[in-house]
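A structural walkthrough
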Amino acid sequence: MNITGGTISGNKALWGAGIKVEGGTATISGNARITQNTAVDKSDGGDAGGGGVCAVGGTTNITGGTISGNTSNYGAGLGIWSSGVVNVKNTVITENKATGDGGGGISIAASTLTLDGVTISKNEAPYGSGIGIWGDGKVVMNGDTRITGNKVLTESGDELGGTVSVKGSKNNGSSFVMNSGSITDNTTDKAYGAGIVVNGSTKGATAEINGGTISGNTNAQGVSQGVYLYKGSVKN
């Protein structure tokens, strides 16, 4: 599947309301717009995920374009499950909202996601307003990737929100590697986690800071917060 332009908008589904990738190779590039799609929960309470794009297998390459204004319980902009390969470069992920646990811009529960020159801005979620990392998920942040202006909601969850939320819950735990880029000017209505929160409550979680800038992230009291370690490890 090759999408180089156009608009995918106003769709509803349980998983991947805009685009769902289960196998093969999907390439999204150019000026493609994936906007205003909604992943809708089952009537029996089953959680919905991947409002804009849902990757559960195969290979997904997103180079350029905009993912905006999508909603779901998890991964409102981009939701990644299973062992698929996902690369995102020079893309804008903005104004998406996760209303359940988290991942306003991106949610990943398995596989490795590489970001390069991506802007993740103005997304909202109770956890991981910019990026929520669970299970065996790993995110590597390269280039001039910018995570800015995202907001952690108080609608649900505890006081550990996180613009980037790293939680371990399966085999090897979750991990976040920041090689460059910036995490700036994000906010939370909670007590902790305006920037990065590492909360390896079961199998562990890690954050590795090798470069880049983390600044201007503030909590409900206006206190600046960069990295908050609850359980797990932080390396720099």
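Let me begin by describing the structure that accompanies this report.

Reading the values: the criteria
- Here the residue numbers are simple positions, counted from 1 along each chain's written sequence.
- This being a predicted model, a pLDDT of at least 70 is required before a residue's local features are given, and a value of 80 or more before pairs of side-chain atoms are given or counted; all residues contribute to the totals for chains, interfaces and linings.
- Water and hydrogen atoms play no part in the side-chain values, which are based on all heavy atoms of the structure.
- Runs of H or I in DSSP of at least four residues are treated as helices and runs of E of at least two as strands, each being numbered from the N terminus.
- The quantity called the radius of gyration is restricted to C-alpha atoms. Its globule counterpart is 2.2 Å times the number of residues to the power 0.38.
- Residues are treated as being in contact if the distance between any of their heavy atoms lies within 4.5 Å.
- A 1.4 Å probe and the Shrake-Rupley method give the accessible areas. Residues count as covered only by the protein chains that appear here.
- Only four residue types enter the charge count, namely Lys and Arg as positive and Asp and Glu as negative; His and the chain termini do not.
- The location of each charge is read from NZ of Lys, CZ of Arg, CG of Asp or CD of Glu.
- To count toward a patch, a residue needs a relative accessible area over 30% and no salt bridge; like charges are then connected within 9 Å, while nonpolar side chains (Val, Leu, Ile, Met, Phe, Trp, Tyr) are connected within 5 Å.
- The working definition used for a salt bridge is a side-chain nitrogen of Lys or Arg within 4 Å of a carboxyl oxygen of Asp or Glu.
- Buried means the residue's accessible area, taken with a 1.4 Å probe over protein chains only, is under 20% of the maximum for its type, while exposed means over 50%, and partly exposed covers the values in between.
- Note on pairing: DSSP must find at least two bridges between two strands before they are called paired.
- Throughout, an axis means a line fitted to C-alpha atoms (over the contacting stretch in the case of helices), and angles, computed between N-to-C directions, take values from 0 to 180 degrees.
- For our purposes a nonpolar core is just a set of buried Ala, Val, Leu, Ile, Met, Phe, Trp, Tyr and Cys residues, chained together by side-chain atoms within 4.5 Å.

1. Points about the overall build of the protein
On a plain count of helices and strands, the protein comes out with zero helices and 30 strands. At 16 Å, the protein has a C-alpha radius of gyration in line with the 18 Å of a compact globule built from 236 residues. Seen through its C-alpha atoms, the protein measures out along the principal axes to roughly 45 × 40 × 35 Å. By sequence separation, contacts in the protein at least 24 residues apart represent 84% of the contacts at least 6 residues apart. Put simply, the protein shows about 9,000 Å² of open surface, and 43% of that area lies on carbon and sulfur atoms. Charged side chains of the protein number 16 positive and 16 negative; the gap between the two group centres comes to 3 Å.

2. Details of the environment of Asn 31
Note on placement: Asn 31 falls in strand E5 (residues 25–35). Here the alpha-carbon distance between Asn 31 and Gly 6, two residues 25 residues apart in the chain, equals 7.0 Å. Setting aside chain neighbours within four positions, we find Asn 31 in contact with Thr 4, Gly 5, Gly 6 and Gly 65.

3. Let's talk about a nonpolar patch on the surface
On the surface, a nonpolar cluster with roughly 210 Å² of combined accessible area is contributed by Val 227, Leu 229 and Val 234. Mapping Leu 229 onto the fold places it in strand E29 (residues 227–231). The partly exposed category is assigned to Leu 229, whose relative accessible area is 42%.

4. With respect to the sheet that holds strand E10 (residues 78–80)
Judged by pairing direction, the sheet is parallel, and its eight strands sit side by side in the order E4-E7-E10-E14-E18-E22-E26-E29 without closing on themselves. The open sheet terminates on both sides in strands that have one partner only, identified here as strand E4 (19–21) and E29. Each strand of the sheet is rotated relative to its neighbour by a mean of 5 degrees, with strand direction disregarded. In terms of strand pairing, strand E22 (residues 164–167) meets strand E26 (residues 196–199) through four bridges, oriented parallel. Bridging from a neighbouring strand, Ser 165 pairs with Val 197 of E26.

5. Looking at the pairing of E5
For strand E1 (residues 2–3) and E5, the ladder comprises two bridges, and the chain directions are parallel. Considered in E5, the bridge of Asn 2 is made with Thr 27. As paired elements, strand E2 (residues 7–9) and E5 share three bridges and run parallel to each other. Across the sheet, residue Ile 8 finds its bridge partner in E5, namely Ile 34. Summarising the sheet, E5 and strand E8 (residues 59–68) pair through nine bridges and their orientation is parallel. Each residue of the ladder has a partner; that of Ile 34, found in E8, is Ile 67.

6. Concerning the environment of Gly 64
Take Gly 64: it is sitting in strand E8. Residues Gly 64 and Thr 218, spaced 154 residues apart in sequence, show a C-alpha to C-alpha distance of 30 Å. Not counting residues within four places of it along the chain, the set of residues in contact with Gly 64 comprises Ile 28, Gly 30, Lys 89, Asn 90 and Thr 91.

7. Focus: the pairing of E8
Working note: regular strand, side chains alternate between the two faces of the sheet. Taken together, the five bridges between E8 and strand E11 (residues 85–89) define a ladder with parallel strand orientation. Paired with Thr 59 across the strands is Val 85, a residue of E11. As judged from the three bridges shared by E8 and strand E12 (residues 92–94), these two strands associate in the parallel manner. Bridge assignment links Ser 68 to a residue of E12, and that residue is Thr 94.

8. Re the nonpolar core
Counting residues in hydrophobic clusters, the biggest one holds 37 residues, and the most contacted among them are Leu 113, Leu 115 and Phe 176. Among the elements that make up this core, the one with the highest residue count is E5 (four residues). In this structure Leu 113 touches Ile 80, Val 86, Val 88, Ile 106, Ile 108, Lys 138, Val 139 and Val 140, once residues within four positions along its chain are discounted.

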